[in-house]
Structures are given as structure tokens and as C-alpha cells.
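Descriptive structure summary
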Amino acid sequence: MQPYQHDLIDFALERQVLRFGTFTLKSGRQSPYFFNTGLFSSGEALRRLGAAYARRAVDAGLAFDGVFGPAYKGIPLVSALSMALAAEHGIDCPWSFNRKEEKDHGEGGSVVGAPLSGRVLIVDDVISAGTSVAESVALIEAAGAQLAGVLVALDRQERGQEALSATQEVAARHGVPVIAILTVDILMEYLARQPDRGGDLAAMREYRARYGA
């Protein structure tokens, strides 16, 4: 675990973005934790999250010419990432996002921001079924660009209907890397360093053993 990942977990707990307990997921599974990037809902919170996205993208050595955020959660994320890339890494990267409904007046179209060209990195919070990624890839390819990879805040490392996790399925389907700032393994490493979090760690290990990819 890198210091910036440890700091992000601390901050996520402080802002209740990351909570431990018992949570019913859309799949019906009872999860011992819940992670909601929508609660990074202030300027400072978004600045720190954007910095973590930028650091992970740079550390991963991903080669990309532009970044794209799927509506709606991806819009503030791709904005924060692009600002952090410029401010902290000297990378002035074009960014864009999509509209849910194509605009038929004014400039028209379904993409807002920089034109999609070259190698495009998709930025999102988590990957569930991979639907938003597939929709984004269709837009990217329709513009004559190519997918460079996918960057998310958290990889739950959890099986879907088959043996692979959602991130593994997306990586295999599109043939690109799927990179996460945090993973369940990193969360468990963090908990293992906290003497008062033994119960949460045990619950995470049990859940990982049962549903982990």
C-alpha cells in the first residue's frame, strides 16, 4: 500500500465514503463494507480524490491522450483528474464526458468537452456490470479513437455471475488494463494495521473467501 492510498482510506472513513457494517448490495449479497464516491462532495474532497486518481494513472504507466468520464458520476471525476494531472504532474490532458441524451440543437452531439481522439482513458468510480464502460467504448470507437484503459476508485475484486470479477471481465472483453486506486486487498491490509478493526477485518476476510474473484 502506497502512502497516498493509506491517506485516501483515512479520508474516505472521515467523510463516511467508506463505511463498515452490514449492507445489502443490488446483487442481494450482504457486504461488510460500502464505498460511495458521491460523498466526496466538497471542493477539498474532490481535489484530494482527483489527486489520487492522477497519482494512480501516472504510477501505472498508462499511455493515454485524453480522459473520458461516463455520465453522471464520471463527470466530476474526470474533471478532478484532469486538473490534478495538470497541477501536480505537468500533464495538460484533454477531457470529455457524455450526455445521457444526445443534444439535437446548438453544437449537438452526445459528447461534451474535447473531441475523442487517440488513446482515451475511461474514468469512473467502480465497475459493476460493465455497462457504462461498454457504452463509453462505443462512443470512443465511433469517434475513431481507441480505448487505452479504465481507471476506477475501487475494485471490489468480487465475482459476478461467473468466476471473474467485473473488472477482470471488462479487461478481458476489451483487451485493456483496468486500474484501481484501491482494492479489497488494500482495504484489508489497511485494517490489519488498525488494532481496533479486528472485527471488520474478519468480516472482510470471510466475505472475500466467499465471493472473491
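Calculation rules
Residues numbered from 1 in each chain as written. Predicted model: local features only at pLDDT ≥ 70, side-chain atom pairs only at ≥ 80, totals over all residues. Heavy atoms only, no water. Helix = DSSP H or I, 4+ residues; strand = E, 2+ residues; numbered from the N terminus. Rg over C-alpha atoms; globule rule 2.2 N^0.38 Å. Buried < 20%, exposed > 50% of the residue type's maximum accessible area, 1.4 Å probe, protein only. Contact = heavy atoms within 4.5 Å. Lys, Arg positive; Asp, Glu negative; His and termini not counted. Charge placed at Lys NZ, Arg CZ, Asp CG, Glu CD. Salt bridge = Lys/Arg side-chain N within 4 Å of Asp/Glu carboxyl O. Pairing = 2+ DSSP bridges. Core = buried A, V, L, I, M, F, W, Y, C linked by side-chain atoms within 4.5 Å. UniProt positions renumbered as here; feature names shortened; annotations may be inferred. Right-handed = clockwise from strand over helix to strand, strands pointing away.

1. A few points about the overall build of the protein
On a plain count of helices and strands, the protein comes out with seven helices and eight strands. On C-alpha atoms alone, the protein measures out to a radius of gyration of 17 Å, which is about the 17 Å that the 2.2 N^0.38 rule sets for 213 residues. The burial tally for the protein puts 47% of its 213 residues in the buried class. A fraction of 69% describes how many contacts in the protein between residues 6 or more apart in sequence connect residues 24 or more apart. The distance from the centre of the 21 positive side-chain charges to the centre of the 25 negative ones in the protein is 4 Å.

2. What to know about the pattern of salt bridges
With the rule as written, the count across this model stands at nine salt bridges. The partner of R156 in a salt bridge is E158, and the shortest N-O contact between them spans 3.0 Å. Put simply, D185 and R208 hold a salt bridge, and the shortest N to O gap is 3.0 Å. Placement of the pair is D185 in helix 6 (residues 184–192) and R208 in helix 7 (residues 198–211), with a sequence separation of 23 residues. What you see here is one network of salt bridges that share partners, running through R29, R156 and E158.

3. Things to note about the pairing of strand 6 (residues 119–123)
With four of its five residues buried, strand 6 lies for the most part within the structure. Two strands pair when backbone bridges link them, and strand 3 (residues 66–69) and strand 6 are joined in this way by three bridges, in the parallel orientation. Across the sheet, residue G66 finds its bridge partner in strand 6, namely V120. Summarising the sheet, strand 6 and strand 7 (residues 146–155) pair through five bridges and their orientation is parallel. Residue V120 lies in a different strand from strand 7, and its bridge partner there is L147.

4. A short note on the nonpolar core
L18, F35, F40, Y53, F64 and L182 are the most contacted members of the largest nonpolar core, which has 44 residues in total. Residue contacts for F40: discarding those within four places in its chain leaves L8, F11, A12, V17, F35, A45, L46 and L49. Listed in part, the 17 residues of the second largest apolar core include F68, L116, I127 and V170.

5. A word on the UniProt feature "binding site: orotate" (unreviewed entry) in the protein
As recorded in UniProt, the sites labelled "binding site: orotate" (unreviewed entry) are F34, F35, S128 and R156. Spatial clustering of the annotated residues is evident: they stretch over 123 residues in sequence, but the largest pairwise C-alpha distance comes to 13.4 Å. Among the structural elements, F35 can be located in strand 2 (residues 30–35). Since its relative accessible area comes to 11%, F35 is described here as buried. Ignoring sequence-local partners within four residues, the contact set of F35 consists of A12, V17, L18, F40, A153, L154 and L182. Residue placement: R156 occurs in the loop between strand 7 and helix 5 (166–174).

6. Some points on the pairing of strand 7
Most of strand 7 sits out of view: nine of its 10 residues are buried. Alignment of strand 7 against strand 8 (residues 178–183), held across five bridges, turns out to be parallel. Residue V150 lies in a different strand from strand 8, and its bridge partner there is V178. In the classification by handedness, the crossover that spans strand 7, the intervening helix 5 and the parallel strand 8 is right-handed.

7. A few points about unusual backbone geometry
Residue Y72 follows A71 across a cis peptide bond; omega there is 5°. As for its position among the elements, Y72 is in the loop between strand 3 and helix 3 (74–89). Despite not being glycine, Q16 shows a phi value in the positive range, around 60°. Note that Q16 resides in the loop between helix 1 (3–14) and strand 1 (18–24).

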